[in-house]
Amino acid sequence: MTAGSWDEVWEVVREIPAGKVMNYGGVARLLSRPLSARAVGWAMAECPSDVPWHRVVNVKGVCSTDAVDGAEIGRQRRRLEAEGVTFVNGHVDMRRHLWSPEDDV
DNA sequence: CCATTGACGAAGA
DNA sequence: TTCTTCGCCAATG
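Residues numbered from 1 in each chain as written. Chains lettered and ligands numbered in written order. Predicted model: local features only at pLDDT ≥ 70, side-chain atom pairs only at ≥ 80, totals over all residues. Heavy atoms only, no water.

## Regarding the overall build of chain A
Right, on to step 1. Of regular secondary structure, chain A possesses seven helices and four strands.
Right, on to step 2. Secondary structure elements of chain A occur, N-terminal to C-terminal, as α-β-α-α-β-α-α-β-β-α-α.
Right, on to step 3. Within chain A, the fraction of its 105 residues that count as buried is 40%.
Right, on to step 4. Long-range pairs, those at least 24 residues apart, make up 58% of the contacts in chain A between residues at least 6 apart in sequence.
Right, on to step 5. When the accessible area of chain A is evaluated, it comes to approximately 6400 Å², of which 49% is carbon and sulfur surface. (Helix = DSSP H or I, 4+ residues; strand = E, 2+ residues; numbered from the N terminus. Buried < 20%, exposed > 50% of the residue type's maximum accessible area, 1.4 Å probe, protein only. Contact = heavy atoms within 4.5 Å. Areas by Shrake-Rupley, 256 points an atom, 1.4 Å probe, with all protein chains shown as cover.)

So this is what it looks like as structure tokens:
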């Protein structure tokens, strides 16, 4: 990233309030790197434990990690539901929980 | 340095 | 509306 590290990415993810979610492209956009959505995903894989990576989903509102786990129900989905995030037809209700910095203001 | 892969996204068929 | 293809960034072999 611009800072030369993923610290900025994690910092943005930490800003996401509970009950809200954001997509990888959105995080990348906040970092002035709209085309680095994929790279952001990599940062999530290596994110520290203090980062709520579960609040980051793809633009479809589906938890990519759930596909990885596959066998078990998405741990990410469980955590989001615990925070008040509602799921619709197997995907997050982006219409209600898609967060943006302006929303926090 | 080149090829492959991956927690992505937008565009085309 | 769903599936497929291409493009982008970073990491790994």
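## Here we look at the protein's contact with DNA strand C
Right, on to step 1. Taken together, the residues surrounding DNA strand C are Trp 6, Arg 33, Leu 35, Ser 36, Arg 38, Ala 39 and Trp 42.
Right, on to step 2. Sugar and phosphate atoms constitute 62% of the interface atoms of DNA strand C, taking the interface as everything within 4 Å of the protein.
Right, on to step 3. The contact in question runs from a phosphate oxygen of DNA strand C to an N or O atom on the side chain of Arg 33, over 3.4 Å.
Right, on to step 4. Looking at the surface near DNA strand C residue by residue, the class counts come to four nonpolar, one polar and two charged. (Near = heavy atom within 4 Å. Polar contact = N/O pair within 3.5 Å; in protein donor to acceptor, adjacent residues only side chain to side chain. Nonpolar A, V, L, I, M, F, W, Y, C, P; charged D, E, K, R; others polar.)

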